[in-house]
Structure formats: C-alpha cells, structure tokens
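Structural overview
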Protein chains: 2
Amino acid sequence: MRQQDLIRAALEGKATCVIKNANVVNVFTNEIIHADVALYEDVIIGVGEFSCENEIDAEGGYLAPGFIDAHVHIESSMVIPASFMKVILPHGTTTIIADPHEIANVAGVAGVRAMYKMTDDLPLRVLFMMPSCVPATPFEHSGAKLVAEDMEQFLRKSRILGLGEVMDYVSATSGTQEMLDKLRLFDGKPIDGHAPLISGRTLNAYRVAGPSTDHECSNFDEVKEKLRTGMRILIRVGSAAKRIEDILRRIAEEHLPTENILFCTDDKHIETIRQEGHINHNARLAVACGIPPIEAVKMASYNAARAYGLKNIGAIAPGYKADMVLFEDLKDFRVKRVFTRFGKPYEEAEYHMPILPPAVYDSVHVAPVTEGSLCLPVREKMPVIEMVPEQLITKLTWRSVKSEHGAFVPSDGLCKLAVVERHHATGSIGVGIVEGLNIKNGAIASTVAHDSHNLVVAGDNDRDMLMAIESLRECGGGYCVVSRGIVLARLPLPIAGLMTDAPVEDVLARQQALLDAAKSLGADERTDPLIALSFLALPVIPDVRLTDEGLFDVTKMEFVQQ
Amino acid sequence: MRQQDLIRAALEGKATCVIKNANVVNVFTNEIIHADVALYEDVIIGVGEFSCENEIDAEGGYLAPGFIDAHVHIESSMVIPASFMKVILPHGTTTIIADPHEIANVAGVAGVRAMYKMTDDLPLRVLFMMPSCVPATPFEHSGAKLVAEDMEQFLRKSRILGLGEVMDYVSATSGTQEMLDKLRLFDGKPIDGHAPLISGRTLNAYRVAGPSTDHECSNFDEVKEKLRTGMRILIRVGSAAKRIEDILRRIAEEHLPTENILFCTDDKHIETIRQEGHINHNARLAVACGIPPIEAVKMASYNAARAYGLKNIGAIAPGYKADMVLFEDLKDFRVKRVFTRFGKPYEEAEYHMPILPPAVYDSVHVAPVTEGSLCLPVREKMPVIEMVPEQLITKLTWRSVKSEHGAFVPSDGLCKLAVVERHHATGSIGVGIVEGLNIKNGAIASTVAHDSHNLVVAGDNDRDMLMAIESLRECGGGYCVVSRGIVLARLPLPIAGLMTDAPVEDVLARQQALLDAAKSLGADERTDPLIALSFLALPVIPDVRLTDEGLFDVTKMEFVQQ
C-alpha cells in the first residue's frame, strides 16, 4: 500500500522530513523559489510551506536536483563503486550513468553483472549503459566478446538504460550485421555515441544507425553540427578534457538552446575530483563561461534525466525522488549537503559493502613468459613508437637500434615494450620499441591497458620485465615498478586487474609511490609514465600502438610490417 | 536489410526524394537553415545540399516537423478516422494522439480495437492513449467498464502510448485500488491528466499518483503552478477553448520556458477546423500572442513528441521520419504542402479504407419504451434543469409544473427530458424536466451523450419522443429531430452510435438540416440545441444533469431526491 500512503501523505501534507528555508531551483519554469520541500521517505511530496518533526534547515542555500554524470567509467578510478561513490557524492553527484566497458573487456557478461551487483544498494544511484564494443577493435585479444545475444538478458534489468558508446563508428556507418544486431536490440532506448570529429554524411549515417549522444566534441562547430542532427551533447570535463571553456563560452554567446546539452566526466582521476569537484565543477565552468546558473543546473541534472528517460529524478517536484544537493550558491557550486536516493542526507545513509562475485578476482592468466618470448629480432631499420610529451598521441619512426646476437637491446633512451595477452593464457605477445619512457635499470608494468586490458610492460632489461609480469600475475593485476630484481612499488588491482576494494587513501598513496619509483628510474616527468603505459596498447589513438598481436599503425589501420 | 540500405543511403547521400530550397526549422538549435532535405523512402537521411531524380521545389517555404495534436477524441468529429484525417491533414497535422474514450464507453475493449484497426494504414499517424475512466462516473450505466486487467493486452501495442486522461481525479488523489491498478500498469509511460483548477496539495497528490500532463488550464496562474510540478501543459484550442490568448500572452511576456508546453484540440468541430485550421491555428495564435515562431513550431511538434516518448518524429534531422509540413510563413502558418508518414506528399499518398469490425455497428440496444416509461409523476415542486444560454452549465430550480392525472405535461417552455440506457437494453430510464430547449410539437434525440452515450431525448410530447427513440434505434444511433410523427432530419451514426463513414460533406449537410429542423420547432438559437442535448447527461458539469439513473446534483455529487 506504499503508493496509497504516498498519495495520502501528499494530499494531507504529512511529511517524514521537511527541508526548511531553501532556495529551490525549479527546472520546469526556470525559477528559484524560496520554499520548504516536503519528503515522504525517499519521495518529494510538495514544495511550499510545510513542517514536521524532522526538519532540516537549508539556511537559504540553493537546493538543486542531485547532479548526474551522464557518462563515466567507474573502473578508471581503480576503486570499486562504493569507494568511487565516497569521492563523488560529497560533490553533489547523486546519479551516474556508468559504462562498464573496461571490466566487460576483461570479464564479459560476468564483469557487467559484477558491476551491477556492486552497485545495488549504494546511496549513489548507479545506472548502466551496455558496453557496445567488446572487444573495442579486432586488432587485439580481449578477455571477452559481447554480441547482441549476450546482451539480451540485460534488457529487463531496470538499471540498464541502453547501449553504451558506439566507438566503432565504422561498423555503425557501414552497417555491419553484428553492429546492427546490437543497435536493433536497443532500438528506442538511449544509445550513446562516441564519434570524435565525424561530420557531414558520415555523421548522418551514424545518426540513422542509432547513436543519439556524443561526448567527444572538441570544438564549438562540432557541437553545433551534432546538435543540429538531434544528438545530445555531453560536455565532458574529465582528465582528457579539451577546449571545454571555449565551447561553453560560444554556447553562451550564441544563445544556443541548452536543453540537449548535458555534463559528464568520462574518466577523471580521483585526486582531481577531490581537488576540483565532479559534475559541480562542470557547472561551475559553465557559469564562469556565461551560461545562466539555472541552465547550468539543468545541464547537470534535468537534461540528463530527460535524455536517458529517467522520469522520476532530475527535478524537485511532487512525485520525484528526493535526490538533491544543497549548494552555497549557483556560482561556485560548493556543496552544503547532499540528499541521496534513500531520502536521507548522505552522512546518515547506511549502506552495506557488497559481496563481490569471486570470478572477477581471478582475471590474470598469463602463459609462461621467458626471455625468449621477449626477444625482438632486429633489421636494418626498426619501427619505434615515439611518445609525444604531455599527450597521449605517438609518432612512428624508423631507426637503427642496438642489438646483440641479432636481438634488440634497449639503449640510448629506447625501451623494450611488450603487450602480453593476459586473459586466456594464449601466449600471444607483441614486442616493440618505445622512445620517451626512459626507464633505466628496471621495468614498469600494468594490467590496465585500454581497451583490452592485456598486460603491458616496458623496461630496459628482460629480467626486470619478466619480474614485473610475474609480480602482477601474482597479485591478480595492477601496476608495478621493478628495478634490479626488486619490486619498488606496486598497486594491486585484484578485481579484474582493474580495481581494488582498498581505501581510496591507500590507492592514492600507492599511486604516488609508483610515480616516485618510476621517476627514480629516470622516467620523463612531463607525462605520467604509468598512464602513458596504459594507453600504449590502445589501437584507436594515432599514430602507432602495440597490441598483443603486434605493432599497429592506427593511421593506416594495419599492422606494421617488420 | 532495410536498416543497412538506409545507413548506406545516408552515407552516400543517395536519396529517393529531395526537397530543394527550403527554410528548414531546426528544433534542436532554434535555427532556420536554408537547405535541401534528403529522404530515403519515409526517413530523413540528411539536411544540406542534395539532389536526386525526384526533387520537390519548396520555393523557399518554411519546412517544419509535421504538427502533432497531443490530445483529441476522434469520435467527437462524428466521422471515422479516415474522414477526420482528410479534414486535419491539409492543415499540417501529421500525428494525433487520440483518446478513444467515447467509443470505449460504448463498446469497451472492442471499441478501442476498432479505432486501432481503423487507423492502421492511414497516412495520418494515429497514436492512442488508453481510456482510463470507463465509465466516467459511477452515477450512470455505460456500455462497458475497463479495469486494469482489460488494458493489459494493449500494453504491447506499439501505437498505445500510455494511459488516457485521468478525469476521475478524486479516485487518483484518494488512491482507490482500482485507479492505482491502472496507474501502476502504465507506470513509466505517459499518463494524461485532466484536472481543471486543482491546486496545492490536491495537485501534489495528483502528481504523485502519476498523471503528467494537463489540458484543462483556464488561466495563466494555473498553467504556472502545474508547470512547476513538472506537468506538461497542453494548450487547447478546440470548441471549448477558454481564455487561451491570455495564457499565451502571459507565457510570452514572462518568458516562461516552453519546452513542456504543447498543443491540442481535444474536441473541435469539423466545420471550425475547415475554417480556421487545426494545430496550425494554435501555432498562429501563439505567434500572434508574442511567442517566437520557432518556439511555436516546437510546441506544435517537437515538444509533443518528447512528452509522449516519440523518438523518431518531431524534428527534421537524419533518422527521423519524414512527417513534415511546408508553410508559407511562420506567422499565419498557411500550408503549402504536407509530407505524411509514407514519405510522400499527402496528395500522393495511397491508403485503403479500413474494413470495420461488424460488432461496432450494433451498439443501440434499447428495452421497449412506452408512454408509461416516460411518465413523470409530479409533486408540489419539481426539480427543473435550467439551461444557461451559450454555456454548457445548468442551474437547478424547483417549480410548480403542469400535470394531468398526476403526470408532468410539458408547457410554458418546459420540455420533458429522458435518458434511456441504450447499451444493454436494461430498461433503465431517467426522466426529468428541462428549461431552455424550447422544443414545441416535437422531439430531438441523440445517442451521443457524454460520457456514457446513452440515448438522450427531449420534447414536448411523448409520442414524438418515442418516435425519436425508435428512429435512432432503427438506424443504429445518431441524431434526429421529429415533429408530429415525422422525422424531419436525421444523422445516422451507425458506428457505436457515435460515428459514420459517410462523407464529411454529407455529415455537415445533415447537421445543418438537424439544426434547421430544431429551430423550426422553436429551439433557442443561442446554443446549438443538439450539442446542448449531448451534454445534458454528463454528470461532471455543474450544476445538474440527468442520467439513466435519475436527476443528479453535480455540486453535491448525489442524486436529487424527488
């Protein structure tokens, strides 16, 4: 009879909690209304004059709908959802739309299920998009493959909203059967796009195929063209953000309607979130760039709710869930208090740490690797991955390199790089040469290696590289730095080789230790060598990458002939 | 492989039809863009520069998404959907969201099915809301009763969008089990409201219960309060419109966001539609009242599509259906050309007249009625329904009336009124007295009698009243005027006693004949006596009505004790 209770409570104005004296943002009329907000458990039953025994004084603060991160990969935080929540909830983000793309590439359906399970009872509202591109490319071995048939079982799950970012825009715009099957399965539901710089007829074809959002825009003209096609534009302020202020300023200057513009972070380092905030930081930037504050609030809440078909969040009105955030003002968006989906302030909300399915703990399966496996025979000129400082892009150059017995020997700033298939112990290994890491007398390694998350290792000697591989195998994945046979630093990420349930403070401390250790081996400080390592195996960023299948020329979309 | 063909056509810009030289309204960016629009069959594949063998010159006209009537009762037009379409499509309405409330009150589930079937193959896109209040009140006998269980079978039908107007706001705000069952069944789908003047906590309770739209607002403050609760407001310009210009002017003056404001007609006479237009008339009024033209277009199309979860109409962009209308300008909204859901101009679209299920033709079942059945015993003072000229409301007065042998005899401008249960031949008859119709030497009768659509008849002598009843029984329902034993005029409405498949011209001619005949019997010209008759049995309009169960005091919500 709960619905009946709710209706009666609304009719009689009998609240279980009243937030007094708030400046309530009304996303429907673009007003700020000084009022009380009445809750009955986790549902808003009125905005007006109310009182009850359990009152919370908002002290004239600005009460907005809880903020929504419309696109985020939790795994990239390297902590489990419960820990990630503790970092973002205090910044007013009460809902995230997560794409478990990383864990799906490692553990497939079981990985998606694990994420779902880990987020069942959190005060943070965690919704999901079904990863659409697993594996991300056909040029590497991932831990799993997801086809439409695998996804069908998730259609009925209430927290699976639609299909995750369709990065493989070539398959979408050429209409391959496998991609069409997935798109058809989610027809009528939200389908996230991911299509940097596509335009004109390719964009038309992409839209006809189905994707209806984009979070990759890097300039205003791209925003405008995509908006014109009916795409929802997610303004991303993450660790990879680019020219966002310029885009926001132009939106404000040209009075572009913002109803289809929303916010996301995609990937954002935990430490950066703690320092500058989460979606409230997007809102802060928007207002600083000239977007009216109420519009910024809507971009951070209502617009996202509408874009993803979430009917009972994103507004403060009767019948809506009481996910709300109280700000000091609508300029700096400093948070006074957060009300979670349990209808309680965050600090009062109880939640239980989830029990994780054991399967996701056992994800690192490496076939025996020997010095022979890492041997790279040399020719007159060898292809070298040249890193570009402070960026993730690379250049392909051809060099004469040092060798002994016909095998490459690292020297003169060149390191050996290897990508070891680590999901099914197939023994598939790609070996190459990288310039720019500058590791001396040691090796660095990681099982976080977008998007297939094989084991990537770089160093100047085979012994330390083998030891780094063994060290990660032994701890179930993570990051490590090894020198002269000693593990200098290690961050175990036992969950799928991507995440840990260790406290956030520990993770940050170990990350710092890893960085310090890498620097002690001579690593270039301008680019975080461990992040750089994680992206050296991603065969979608130009110009050249190493996968477990070999050196890949991203500009030509083919393996480099050695 | 159709989806693959579409994607390829978009990628290659290969259209089956190109509309050249149009000023295209972009509802996403609020721009008017001079461009060509490329179609591949019924889908838009691009807006830009295109050409193909089959080109249509827009001659610089304004191309907008096809207009949407967000709430309409087709039955009130008295013609079948195919005929109704011919009246509205030329005015640019390409989609209607119909509530088959009238036929459902007569024929229940079979009535809804008949409407669905009759609209399957029309160039007009006809979508439905499931009638929520059948019967409309417990104070009368209707032809059917629809409970949640009956509605379940319609949930999977693609053209049934949600639950129709919840007129019974008392059941909703008090949370009766029967109403909650219906609301729960459509949880997460659009649920239309109908709640004139409700406000404050009652409105809160109504919103918590579920309804998310309202088309009954009669003043700006009501619009604003309902908008604040997250309701979509349908601006109705129908035959019952009230103070709409004032509302539109205030919306414009106060710069209220219009994203949740849409248009509807509800009930609008065919003749009025032909004269002033349909949803394009709403748009014309909006612009005349100061609403920016592009916003008016959005209220007429995009906003409605979004409110009802229609993802592929309401915009001119790749992937959207080619429902479009070409206007001379965005001020008078005069139509140059209409493109239907078949991807063809209206005049080229072929469609087949539907075969109607025979059941709906057999809806008038009246138990034998005699002069005895119509006998009204008199007391010292008798309750009289006093009609208010030019309005649908009535007053209850008590009078001394003429009688013979203890039975009421019409005289001095008083007529006898009877409501005869006509669905299941139960013999239930309510008899009363009405002032204001002024029928002399005759009777008028109708099987269109909101909302239960029993047979209502009024006259000054029993013989003509009995003949009028017999005349309608014999033709399967409709309207008639009888005098001195002769049927002066009749409009047969054989489909459920509500609609006919006769041509619109015939219907209009017969309506005029009915009106002339009624006037020849002395009927007051200030109110259309036949329309007035149709509303005399509707026990939700104050102050007093007659149902087949007796005289009902709407202000007290109880039967009048005689």
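Here is a short report on the structure shown in this document. All of these numbers come straight from a predicted model, not from anything done at the bench.

1. Considerations on the overall build of chain A
For chain A, the helix and strand inventory stands at 16 helices and 28 strands. Since a compact globule built from 562 residues should have a radius of gyration of about 24 Å, the 25 Å found for chain A is in line with a globular shape. Over its C-alpha atoms, taken along the principal directions, chain A stretches across nearly 85 × 50 × 45 Å. Looking at chain A as a whole, 62% of its 562 residues are labelled buried. Intrachain contacts of chain A at a sequence separation of at least 6 include 68% that bridge at least 24 residues. Total accessible area on chain A stands at roughly 20,000 Å², and carbon and sulfur atoms take up 48% of it. Positive and negative charge centroids in chain A, built from 56 and 76 side chains respectively, lie 2 Å apart.

2. Description of the pairing of strand β26 (residues 544–547) of chain B
Looking down a regular strand, the side chains alternate between one sheet face and the other. Residues and elements named next belong to chain B. Alternating residues of β26 divide into Val 544 and Leu 546 and Arg 545 and Thr 547, and every residue in both groups is buried. Examined bridge by bridge, β26 and strand β27 (residues 550–553) share four bridges and lie antiparallel to one another. Within β27, the residue paired with Arg 545 across the bridge is Phe 552. The turn joining β26 and β27, which pair antiparallel and follow one another in sequence, is formed by two residues.

3. Some words on the nonpolar core
In this structure, B:Phe67, B:Met324 and B:Leu437 are the most contacted members of the largest nonpolar core, which totals 164 residues. Per-element tally for this core: the top contributor is helix α3 (residues 101–118) of chain B, with nine residues.

4. Things to note about the environment of A:Met85
Residue and element names in this part refer to chain A. Mapped onto the fold, Met 85 is located in helix α2 (residues 81–88). Residue classification places Met 85 among the buried residues on the basis of a relative accessible area of 0%. Along the sequence, Met 85 and Ala 367 sit 282 residues apart, while their C-alpha atoms lie 36 Å from each other.

5. Remarks on empty space enclosed by the protein
Residues and elements named next belong to chain A. This model, assessed by the stated rule, comprises nine cavities of 30 Å³ or more. Taken as a whole, the second largest cavity holds about 50 Å³ of empty space. As for the second largest cavity, its lining consists of Met 387, Gln 391, Leu 392, Ile 393, Thr 394, Ala 532, Phe 535, Leu 536 and Arg 545. Residues that form the lining of the second largest cavity fall into these classes: six nonpolar, two polar and one charged.

6. Digging into helix α11 (residues 279–288) of chain A
Because an α-helix completes one turn every 3.6 residues, residues spaced three or four positions apart along the sequence face the same direction. Residues and elements named next belong to chain A. Burial of α11 is extensive: eight of the 10 residues sit out of reach of the surface. For α11, the full list of buried residues reads Ile 279, Asn 280, His 281, Asn 282, Ala 283, Leu 285, Ala 286 and Val 287. Following α11 by one or two positions, Gly 290 has its phi on the positive side, about 105°.

7. Regarding the packing of aromatic side chains
Residues and elements named next belong to chain A. Scanning the entire structure with this criterion turns up 18 aromatic pairs over all chains. Judged by centre distance (5.2 Å) and plane angle (90°), the rings of Phe 327 and Phe 333 are edge-to-face. The exposure class of Phe 327 is buried, given its relative accessible area of 0%. Overall, the relative accessible area of 0% leaves Phe 333 in the buried class. An aromatic cluster of at least three residues, connected via ring pairs, comprises Phe 28, Tyr 302 and Tyr 320.

8. A short note on the pairing of strand β6 (residues 67–72) of chain A
Residues and elements named next belong to chain A. For β6, the tally of buried residues reaches six of six residues, placing the bulk of the element in the interior. Relative to strand β7 (residues 93–98), β6 is paired through four bridges, and the arrangement is parallel. In the strand pairing of β7, Asp 69 is matched with Ile 96. With α2 bridging β6 and its parallel neighbour β7, the resulting β-α-β unit is right-handed.

Scoring rules and cut-offs
Residues numbered from 1 in each chain as written. Chains lettered and ligands numbered in written order. Predicted model: local features only at pLDDT ≥ 70, side-chain atom pairs only at ≥ 80, totals over all residues. Heavy atoms only, no water. Helix = DSSP H or I, 4+ residues; strand = E, 2+ residues; numbered from the N terminus. Rg over C-alpha atoms; globule rule 2.2 N^0.38 Å. Buried < 20%, exposed > 50% of the residue type's maximum accessible area, 1.4 Å probe, protein only. Contact = heavy atoms within 4.5 Å. Areas by Shrake-Rupley, 256 points an atom, 1.4 Å probe, with all protein chains shown as cover. Lys, Arg positive; Asp, Glu negative; His and termini not counted. Charge placed at Lys NZ, Arg CZ, Asp CG, Glu CD. Pairing = 2+ DSSP bridges. Core = buried A, V, L, I, M, F, W, Y, C linked by side-chain atoms within 4.5 Å. 1 Å grid on protein atoms, 1.4 Å probe; cavity = no way out; pocket = protein on both sides within 12 Å on 5 of 7 lines; lining within 4 Å. Points joined across faces, edges and corners; volume = space filled by probe spheres on them. Nonpolar A, V, L, I, M, F, W, Y, C, P; charged D, E, K, R; others polar. Phe/Tyr/Trp six-rings, centres within 6.5 Å; stacked < 30°, edge-to-face > 60°. Right-handed = clockwise from strand over helix to strand, strands pointing away.

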